Amino acid sequence: MLFKVLIFLSGAVFLHYQVLAGNVYLAELVVESNITLEAQTVLSILNSTVTLQVNDSKGDVYSVNLASSELMAECVLIGDETSCNCSTGYVWSNTVCYNYNCCRETTCTANVSHVIPLCVAKVTIFLNGSVEHTNPWVDDSTETLQQGFENLNGLQYVNITGHRSSSIVEFEAAVSVLFSTARLQEVVNALEGNLQAKMIVDTQGIVSVEAPSSTVCYRSEPELKCFLNEAVDGTSWSLSRPNEYFKLNDGSVVQQNLNCATPEYQSCISVTLKKLTSIWEGTYQCEFLTGSIAHTARISLKVALLPDVVTLKIDPLTVQCAGTPSPQTKVTASIPKSTESYRVWWSLNGERKSDLQNKTNGEHLEYTFNAAVSCQETSNPQYVNITFENTKGQIKTARVDIPVIYAGKGFCQEDVVDGDLWPVSPAGETVLNRSCPEGRTGYRSRTCSEGRVWKDVFFNCVNEQLIKVVNAAENFLKGLGATQEVALNIFESLKNSSTVDPHSSDVEADISASINVLDTMSKASKRIRLGEEVIPDLVDAASNMLNHTWSGVNDSVRYSMSSNYLIAMEDLVKNVKVNKSSDFISENLDIKFCAAKDCNVSLFDIGVTLNKTTGILKTMAMKNLMGKLKNTFRKTEHTDLLLSVTLNNNNDSKLEIKLDFPFKKEKSNRKFHCVFWDVKKSDWSDEGCFVRSSDGEDIQCECHHLTAFSVLMAKGDISTETLDTITTVGLSVSVFSLLLFLTIEFLVWSAVVKSNLSHFRHTAIVNIAVFLLLADCSFLASTSPESLSDTVCFVLTVCKHLFFLAMFTWMLCMSVMLVHQLIFVFNPLRKRVFMFLSSILGYVVPILIVGSSYIYCKYTYRPYYDKKTCWLVFERLLEGSMHAFLIPVGTIMMTNLFSMVVVIVTLVKSSVPDSSKADDKDTAKGILKVVLVLTPIFGVTWIIGFFLLMLEPDNPMFEVANYSFTILNSFQGLFLLITGCFAEQKVREEFIKIITGKSKGGDTSKNFTSTTNTKDK
């Protein structure tokens, strides 16, 4: 009997509960009939059928709409003979191929009509691979390779594409049927045995992808997905561009996700690109790895670009308005070459002008135009914008300010430094010069100060090779090419670039760029674990950076550079993967790792002792860094060595580390502090650290945490904790005493001021007390300069300068009045004259001194105050704003000393006629009383400060003078209360009367100095 079996593929739309958006299913229809039935007859019936009723496995009935039908295969059965053929576009299924040996697009004579699926739609799957062989590759080898791949269903061809080397052959193949990884691995394993070789194979066409189908926006965040319906061993992403290939890892831009599998696909990997720029345009490839087989898919990502960097230059660098009503400047904008078709226009001061066309200059596109500058003076700077618009309508704008010298305004004269011309520039403006020496990229800048004086040139022209290292490190942080091999190349290149000419003006620019590389790689190391192999080049590169003083930048920049260097090196050493004890040493760096439980290591003669249960101790000693770090810790000075200690993989609840720092035996009066670098404050702190012992050769520190440690030394001429405590307590007592003194003076004023002389005396002493009170309060407010803003520090400096000077000038008034009264007994001062002269001397003169000293410093461009101390600046003898205090105070003290001598001599002469021993004793008591009373009132104790300026810190008398000055002058308010109130009989008696509530009767007390009454005329 003759039978014909027709297999049809039908596409049915399954409607469940009348939901229109139904699921699409593919079904096979097998029709058995006699030989006379034609396939077209069945197809016509199917095409005319719109709806079918179908039952599922549970017996539920559903309505199905037929969308399309086509013939898949046709089998003719004649007796025991079978002849089956797949229709065009279909090939035998893997079941048919591997079980019935029908694997080509030929007639199958096996009885396979019952197999489901019988035929499958043709696909194209490419295989690319390499064979690393040990035996010579001959024609038989190619034939063996061909025969091996014929075991795959639907093989189309196998070609040898080339010989990478004498031992590696590359090939390509194609099949038209999907296969399992296990099947391909069997083929590869068999070929490796037959060829005695090692094979690597990757496929294209098996992996399904989801990706944007059109161009994506600049700085958008597209997601790419790859799916595979098998479990795999590993996954990866890569990006390729012409002549470039990068592995992708998680970074600041690249974020991979492995948890995106679906019921249909067992394996999935996705990558999201955060705020992508031009470097992310290219072909992405995902890989699913199993054994020696990689299933891959490629996705082309097109980005609507905008220039990442726009460089703007103006010529001339500044514009002068003198003699030209509307001067012009030439503006040139430069961007890297791009495939994007930009629309570009420029604007002047926010007003859009015209569109621009580019011209090619090497690897850059340039846009040039002339901008007419207005000579009408404005408070805001004049500027030019250039705007780029891409095909998505996104824009990017770059701006450059134009320094304009308006008529009648101050400017700096033209100047030439190291061959660079700095043109006439307006005061207060910074001029950028983007021309750099050959082989360097960046800019140089110079500021014309408000005082019309050029400041030092800031050099920021960086070595072009180092710029490439910077870019590579930034890409590494983003996740582009973030592999161990790339990290090795980065640190090797950094080592080669860090050896710079110490006499070059751009050395700090190179060092700053090198520190940026360290900082970038330290951030990347938190995501991508670096191996121990990077340490040798890292140590050499970092050590080279410390060979220079970094003196070409100001303090704030140097502090920032050194802090970033320290933090970056700590993080890099901490994050490097190390499994055993090892040692790396260079000129300025010594790094040691300890994996033992009891660690006792030495780095540059610094001993480190730590007992632990688990983990690896990582220690790093550094030379030539301490002097570059900021230090406001109790006015100390630094030692030479810094030690960083970290501990990985440790769970000990308590750690105690002991550090032995060597130091040179120089000055015996130094005090040592064990400190660590506080990252939050960017300064040293002693919290959790203390000096355990100091034996004259080593300082042993003990700390209860791990970080960067060092030892700071306090010299004898700077504050100590004891002196700071004495100062705070003394000033607090003085403030209270002065408030009490002024209160008492207010209460007894009318009773004690009975004569001109007493009025003169009490007026002077009250002013002395008021200004001393204000000065002490200002001093207390500035005891922590590091916590004050520049403005507050400046105001407190002016206050202290003014109030202390006013105190001394009123002391001078009092001493001059006393001497005048003693010498000119019969010609007393009139009240009006005294008050006028003392007001000039006590109020006006201090204001004039402070004001003139500040103006002098401002217009000679010298610092008026020191931000570290909130006090005046002492540069050297007769230089520095400090002399606006020292010279007046020194003059007044010498005058007051002379006045004391006059009083003492007068007292001695008055006792000469009576030479009895009792009178001599009374004279001595009188002299002592004069000295005790007048010393605080005349400020004589301040003379000790001049001895401090003259003594060397290692002088044995220095510490005595230091403590004496601090104690006597911080408690000056208390001494003034004692001598000005309680030591004066009349004031004391009147105060007692007020306290006890007695009547203010007749005046029986004696004046302290004189009872002479004078009439004011």
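Residues numbered from 1 in each chain as written. Predicted model: local features only at pLDDT ≥ 70, side-chain atom pairs only at ≥ 80, totals over all residues. Heavy atoms only, no water.

J.: Help me understand the overall build of the protein, please; the structure alone is not making it clear to me.
T.: The secondary structure content of the protein amounts to 19 helices and 51 strands. Relative to its 1017 residues, the protein shows a buried fraction of 46%. Of the contacts formed within the protein by residues at least 6 apart in sequence, a portion of 67% connects residues at least 24 apart. Taken as a whole, the protein presents about 51100 Å² of accessible surface, with 53% of it coming from carbon and sulfur. (Helix = DSSP H or I, 4+ residues; strand = E, 2+ residues; numbered from the N terminus. Buried < 20%, exposed > 50% of the residue type's maximum accessible area, 1.4 Å probe, protein only. Contact = heavy atoms within 4.5 Å. Areas by Shrake-Rupley, 256 points an atom, 1.4 Å probe, with all protein chains shown as cover.)

J.: Looking at this structure, how should I read the pairing of strand 17 (residues 267-273)?
T.: Remember that side chains alternate between the two faces of the sheet whenever the strand is regular. Among the seven residues in strand 17, seven count as buried, and that is most of the element. The two faces of strand 17 match: Ser 267, Ile 269, Val 271 and Leu 273 on one face and Cys 268, Ser 270 and Thr 272 on the other face are all buried. By the bridge criterion, four bridges tie strand 16 (residues 254-257) to strand 17 in an arrangement that is antiparallel. The residue of strand 17 that forms the bridge with Val 254 is Leu 273. (Pairing = 2+ DSSP bridges.)

J.: In this structure, what is going on with the side chain of Arg 558? I would like to understand it.
T.: Residue position: Arg 558 is located in helix 9 (residues 555-575). Polar contacts involving the side chain of Arg 558 include one to the side chain of Asp 555, which spans 2.3 Å. Discounting residues that sit within four places of it in the chain, Arg 558 has contacts with Thr 549, Trp 550, Ser 551, Val 553 and Lys 628. (Polar contact = N/O pair within 3.5 Å; in protein donor to acceptor, adjacent residues only side chain to side chain.)

J.: How should the sheet that holds strand 22 (residues 328-336) be read in this particular structure?
T.: Whenever strands of a sheet pair, they do so through backbone hydrogen bonds, lying parallel or antiparallel. Spatial ordering of the open sheet is given by 20-22-26-25, a layout of four strands whose pairing is antiparallel. Only two strands of the sheet have a single partner each, and these edge strands are strand 20 (311-315) and strand 25 (359-361). Shown here is a sheet whose adjacent strand axes are inclined to one another by a mean of 35°, direction ignored. One ladder, built from nine bridges, connects strand 22 with strand 26 (residues 364-372); its direction is antiparallel. The residue of strand 26 that forms the bridge with Thr 329 is Ala 371. (Axes fitted to C-alpha atoms, helices over the stretch in contact; angles between N-to-C directions.)

J.: Which parts of the structure should I look at to understand unusual backbone geometry?
T.: Outside of glycine, negative phi angles account for most residues, and trans bonds account for most peptide bonds. Between Ile 116 and Pro 117 the backbone carries a cis peptide bond, its omega angle lying at -5°. Positionally, Pro 117 belongs in the loop between helix 2 (94-100) and strand 7 (119-121). Note that the residue after Asp 315, namely Pro 316, is joined by a cis bond; omega there is 5°. As for its position among the elements, Pro 316 is in the loop between strand 20 and strand 21 (319-320). Even without being glycine, Gln 196 reaches a positive phi, approximately 50°. Located in the positive-phi region is Asp 605, a residue other than glycine, with phi close to 70°. Along the polypeptide, Asp 605 turns up in the loop between strand 39 (598-603) and strand 40 (606-611). The exposure class of Asp 605 is exposed, given its relative accessible area of 61%.

J.: Help me understand the packing of helix 12 (residues 790-823) against helix 13 (residues 831-859) in this model?
T.: The packing of two helices is summarised by the inter-axis angle and the distance between the axes. Remark: helix 12 packs on helix 13, axes separated minimally by 9 Å, with the N-to-C direction vectors making an angle of 150°. Between helix 12 and helix 13, the crossing angle belongs to the class labelled roughly antiparallel. By crossing handedness, the relation of helix 12 to helix 13 is classed as right-handed. Within the contact between the two elements, helix 12 uses Phe 794, Val 798, His 801, Leu 802, Leu 805, Ala 806, Thr 809, Trp 810, Leu 812, Cys 813 and Met 817 and helix 13 uses Phe 834, Ser 838, Ser 839, Leu 841, Gly 842, Tyr 843, Pro 846, Ile 847, Ile 849, Val 850, Ser 853 and Tyr 854. Residue composition of the contact of helix 12 with helix 13, by class: 17 nonpolar, six polar and no charged. (Parallel < 35°, antiparallel > 145°, perpendicular 65-115°, else oblique. Left-handed = near helix turned anticlockwise from the far one by under 90°. Nonpolar A, V, L, I, M, F, W, Y, C, P; charged D, E, K, R; others polar.)

J.: Would you explain the packing of helix 3 (residues 139-149) against helix 4 (residues 181-195) in this entry?
T.: In the contact formed by helix 3 and helix 4, the axes pass within 9 Å of each other and the chain directions differ by 155°. One finds that helix 3 runs roughly antiparallel with respect to helix 4. Taken as a pair, helix 3 and helix 4 cross one another with a handedness that is right-handed. Of the residues in helix 4, those in contact with Ser 141, Thr 144, Leu 145, Gly 148 and Phe 149 of helix 3 are Leu 184, Val 187, Leu 191, Asn 194 and Leu 195. Its residues placed into classes, the contact of helix 3 with helix 4 shows six nonpolar, four polar and no charged.

J.: So what exactly am I meant to see when it comes to the environment of Glu 192 here?
T.: With respect to the element layout, Glu 192 can be found in helix 4. For the pair Glu 192 and Val 131, spaced 61 residues apart in sequence, the C-alpha separation works out to 8.4 Å. Filtering out sequence-adjacent residues up to four positions away, Glu 192 remains in contact with Ala 197, Lys 198 and Met 199.

J.: What's the story with helix 1 (residues 39-48) in this structure? I'm lost.
T.: Owing to its 3.6 residues per turn, the α-helix brings residues three or four apart onto one side. Looking only at helix 1, the buried set comprises Ala 39, Val 42, Leu 43 and Leu 46. Along the axis of helix 1, the buried positions cluster into a sector of 100°, meaning they face one direction only. Residues of helix 1 that are exposed and angled more than 90 degrees away from the buried face: Gln 40, Ile 45 and Ser 48. (Arc of directions from axis to C-beta.)

J.: Would you take a moment to explain the sheet that holds strand 36 (residues 458-463) for this structure?
T.: Strands sit in the order 34-35-36 across an open sheet of three strands; the sheet is antiparallel. Two strands close off the open sheet at either side, each with one partner strand: strand 34 (430-433) and strand 36. Shown here is a sheet whose adjacent strand axes are inclined to one another by a mean of 10°, direction ignored. Note that strand 35 (residues 440-447) and strand 36 share six bridges and pair antiparallel. Pairing of Tyr 443 across the sheet is with Asn 460, part of strand 36. Relative to the sheet, helix 5 (residues 464-478) contacts strand 35 and strand 36, its axis offset from that of strand 36 by approximately 80°. Against the sheet, helix 7 (residues 507-524) touches strand 35 and strand 36, its axis set at about 60° to strand 36.

J.: Help me out: how do you make sense of the state of the cysteines in this one?
T.: What we call a disulfide is simply a covalent bond connecting the sulfur atoms of a pair of cysteines. Per the stated rule, a full pass over the model turns up 13 disulfides. Sulfur-sulfur distance for the disulfide between Cys 75 and Cys 84 comes to 2.0 Å. Looking along the S-S bond of the Cys 75-Cys 84 disulfide, the torsion reads about 120°, which is the right-handed sense. Since its relative accessible area comes to 0%, Cys 84 is described here as buried. In this model, Cys 436 is linked to Cys 461 through a disulfide, with the two sulfur atoms separated by 2.0 Å. Across the S-S bond linking Cys 436 and Cys 461, the dihedral sits near -75°, which makes this disulfide left-handed. Of this pair, Cys 436 sits in the loop between strand 34 and strand 35 while Cys 461 is found in strand 36, placing the two residues 25 residues apart along the sequence. (Disulfide = S-S within 2.5 Å.)

J.: For this particular structure, what's the right way to read the nonpolar core?
T.: A general feature of soluble globular proteins is that nonpolar side chains tend to end up buried together. Counting 78 residues, the largest nonpolar core has Leu 127, Leu 145, Phe 149, Trp 237, Trp 280, Tyr 367 and Ile 386 as the members making the most contacts within it. Here the element with the most residues in this core is helix 4; it accounts for five residues. Setting aside chain neighbours within four positions, we find Leu 145 in contact with Val 131, Trp 137, Val 158, Ile 160, Phe 171, Leu 191, Leu 195 and Met 199. Of all hydrophobic cores here, the second largest spans 57 residues; its members include Ile 515, Leu 572, Leu 625 and Val 675. (Core = buried A, V, L, I, M, F, W, Y, C linked by side-chain atoms within 4.5 Å.)

J.: Just checking my understanding: could you explain helix 11 (residues 756-781) for this structure?
T.: The end-to-end C-alpha distance of helix 11 is 38 Å, a good match for the 38 Å that 26 residues give at a rise of 1.5 Å each. With respect to burial, helix 11 is a largely interior element, 19 of its 26 residues being buried. (Expected span 1.5 Å × (residues − 1).)

J.: What am I meant to see in the packing of aromatic side chains here?
T.: Each aromatic ring pair is described using two quantities: the centre-to-centre distance and the angle formed by the ring planes. Under the counting rule described, the total for this entry stands at 24 aromatic pairs. Centroid distance Trp 422 to Trp 454: 6.4 Å. Interplanar angle 55°. Geometry classified as tilted. Taken as a pair, Trp 422 in strand 32 (residues 420-422) and Trp 454 in the loop between strand 35 and strand 36 lie far apart in primary sequence, 32 residues in all. Assigned by exposure class, Trp 422 and Trp 454 land together as buried. Consider the rings of Phe 804 and Phe 885, whose centres lie 6.4 Å apart with planes at 70°: the pair is edge-to-face. (Phe/Tyr/Trp six-rings, centres within 6.5 Å; stacked < 30°, edge-to-face > 60°.)

J.: Sorry, what's going on with the confidence of the model for the protein here?
T.: Atomic detail in the predicted coordinates should be set aside for any region of low pLDDT. The share of residues in the protein with pLDDT of 70 or more is 88%, and the mean pLDDT across the chain is 84. With pLDDT under 50 throughout, residues 713-718 is counted as low confidence; its partners more than four residues away or in other chains account for 24 contacts. Per-residue pLDDT stays below 50 along residues 999-1017; that stretch engages in 23 contacts with residues further than four places along the chain or on separate chains. (pLDDT = per-residue confidence, 0-100.)

J.: Explanation requested: the pairing of strand 38 (residues 589-594) in the structure shown.
T.: Counted residue by residue, strand 38 has six buried out of six residues, so it is predominantly covered. In strand 38, alternate side chains face the same way, and those of Leu 589, Ile 591 and Phe 593 on one face and Asp 590, Lys 592 and Cys 594 on the other are all buried. Linking strand 37 (residues 582-585) back to strand 38 in an antiparallel pair, the connection comprises three residues.

J.: Even after reading the chapter, I still don't get the side chain of Glu 287, so can you show me in this structure?
T.: With respect to the element layout, Glu 287 can be found in strand 18 (residues 282-290). Take Glu 287: its relative accessible area is 13%, and that puts it in the buried class. In this structure the side chain of Glu 287 is engaged in a polar contact, spanning 3.2 Å, whose partner is the side chain of Gln 285. Ignoring any residue separated from it by four or fewer positions in sequence, one finds Glu 287 in contact with Gly 234, Thr 235, Ser 236, Lys 247, His 295 and Thr 296.

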